[in-house]
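An overview of the molecular structure
Residues per chain, in single letters:
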Amino acid sequence: MTVQELNAEFGASDIHFYNDSHGLVCAELNNAGSKAVIALHGAHLMSYVPKGQRDVLWMSEKSYFAVGKPIRGGIPVCWPWFGGHPSDSGMPSHGFARLADWEVIASGKHEGATFIELALTPGLIPEKFRNGDFLVKMRVGLSSKLLAALVIENTDVKELAFSAALHSYFNISEIADITVSGLDGKTFIDTLDDTVHVQKGDVNFGAETDLVYLDTEDACIIDDPGFGRKLKVAKCGSRSTVVWNPWKDKSVRMPDFGDEEYHSMVCVETTNAETDARILAPGESHTLQVIIESETQG
Ligand code: TA6
């Protein structure tokens, strides 16, 4: 559908479709003085700006915005696998959902929030990725908070096994000055050396950090004194959380990530990863949901 057709069918006073500066078809949602932008490419949340604040989501200055390429920042949708493909290293990292153009299927208001719903079906992905029937929906709701719900439905006659993530990149003042709470006492896998540990207190950052926390359900709080705000990352349908910062050396190795950009971002990811991967029987569905809000200090 063209931007004109999208606005005719799904536009409203608080929902506007447009072509952004990178040529992506995007929807801008406005509600309670807050703004969010979602691209149809990857059903990718690009921006969430609460009233009177700076963007809560981080975006690399060097991100790709191209067909078949993942966007570096915002909230990438990782599905039907998180990380490397379980058995085929030739497949893209974090699945194919974030590489495809999704379709808009609904929009409107619900309990005061402005919402839009996008869908991914096998016909929207390249043949090489197809392995059975599915219906995946991304429902974004904006009020004074941002809600993103990935709804995975097994519409096939066989089991659907997957891992997934809402791989949220958060915009922070300085990685060395922030902490992440809500994971105290949780077992985690340090993926840099595959060792297992138990979190003591808050997470802080002084080097490359790539940690998969297990049996988590509490909200995480990113305390950012530099920006004078706390970002609350709550969730449903997830019992694992990933915390990531690439630090300097890995940043330099990533062509779509500025060498010094690790200072200004942290990922707190809402996942179904590792032992929290899921299997859906025919007809079953699962919702992986993140609710993000920002509380300014002072
Ligand atoms: O955030 C966890 C992680 O799996 C990291 O290991 C790192 O690879 C990151 O995702 C980014 O992955 P991407 O494929 O988007 O470069």
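Okay, so let's go over this structure. (Residues numbered from 1 in each chain as written. Predicted model: local features only at pLDDT ≥ 70, side-chain atom pairs only at ≥ 80, totals over all residues. Heavy atoms only, no water.)

To continue, consider the nonpolar core. Nonpolar side chains in soluble globular proteins tend to end up buried together. Trp79, Trp102, Met138, Phe170 and Ile222 are the most contacted members of the largest nonpolar core, which has 74 residues in total. Residues within four places of Phe170 in sequence aside, it is in contact with Val56, Leu57, Trp58, Ile222, Leu231, Val233, Ser264, Met265, Val266, Val268 and Ile292. Core analysis: the second largest hydrophobic core is formed by eight residues, Cys78, Phe82, Leu214 and Ala273 among them. (Core = buried A, V, L, I, M, F, W, Y, C linked by side-chain atoms within 4.5 Å. Buried < 20%, exposed > 50% of the residue type's maximum accessible area, 1.4 Å probe, protein only. Contact = heavy atoms within 4.5 Å.)

Turning next to the site of the ligand. Lining the immediate surroundings of the ligand are Arg72, Phe82, Ser93, His94, Arg98, His167, Asp210, Val242, Trp244, Lys250 and Glu269. Arg98 is positioned with one of its side-chain polar atoms (N or O) 2.9 Å from an oxygen atom of the ligand. Note that an oxygen atom of the ligand is positioned 2.6 Å from one of the side-chain N or O atoms of Glu269. Protein chains shield 83% of the accessible area of the ligand, which is 390 Å² for the free molecule. Partitioning the shell around the ligand into residue classes produces three nonpolar, three polar and five charged. (Near = heavy atom within 4 Å. Polar contact = N/O pair within 3.5 Å; in protein donor to acceptor, adjacent residues only side chain to side chain. Areas by Shrake-Rupley, 256 points an atom, 1.4 Å probe, with all protein chains shown as cover. Nonpolar A, V, L, I, M, F, W, Y, C, P; charged D, E, K, R; others polar.)

The next point concerns the pairing of strand β19 (residues 240–245). The element β19 is largely enclosed, with a buried count of six among its six residues. By the alternation rule, side chains of β19 split into Ser240, Val242 and Trp244 and Thr241, Val243 and Asn245, which are all buried. Looking at chain direction, strand β16 (residues 209–214) and β19 are connected through six bridges and run antiparallel. Across the sheet, Leu214 pairs through a bridge with Ser240, a residue of β19. Two elements, β19 and strand β20 (residues 265–272), share five bridges in a ladder whose sense is antiparallel. Within the sheet, the bridge partner assigned to Trp244 lies in β20 and is Cys267. (Helix = DSSP H or I, 4+ residues; strand = E, 2+ residues; numbered from the N terminus. Pairing = 2+ DSSP bridges.)

Look at any regular strand and the pattern is simple: side chains alternate between the two faces of the sheet. Note that strand β14 (residues 187–190) and strand β15 (residues 195–198) share four bridges and pair antiparallel. In the sheet register, Thr187 faces β15, and the bridge partner there is Val198. Pairing between β14 and β16: three bridges, direction antiparallel. Within β16, the residue paired with Ile189 across the bridge is Val212.

Okay, the side chain of His286 next. In this structure, His286 sits in strand β22 (residues 285–296). In this structure the side chain of His286 is engaged in a polar contact, spanning 3.0 Å, whose partner is the backbone oxygen of Gly237. The contacts of His286, once residues within four sequence positions are left out, are Leu150, Val151, Ile152, Phe162, Gly237, Asn272, Arg278 and Leu280.

Per the stated rule, a full pass over the model turns up eleven salt bridges. As a salt-bridge pair, Asp215 and Arg239 come within 2.2 Å of each other at their nearest N and O atoms. Of this pair, Asp215 sits in the loop between β16 and β17 (220–224) while Arg239 is found in the loop between β18 (229–236) and β19, placing the two residues 24 residues apart along the sequence. Assessed through its relative accessible area of 43%, Asp215 is described here as partly exposed. (Salt bridge = Lys/Arg side-chain N within 4 Å of Asp/Glu carboxyl O.)

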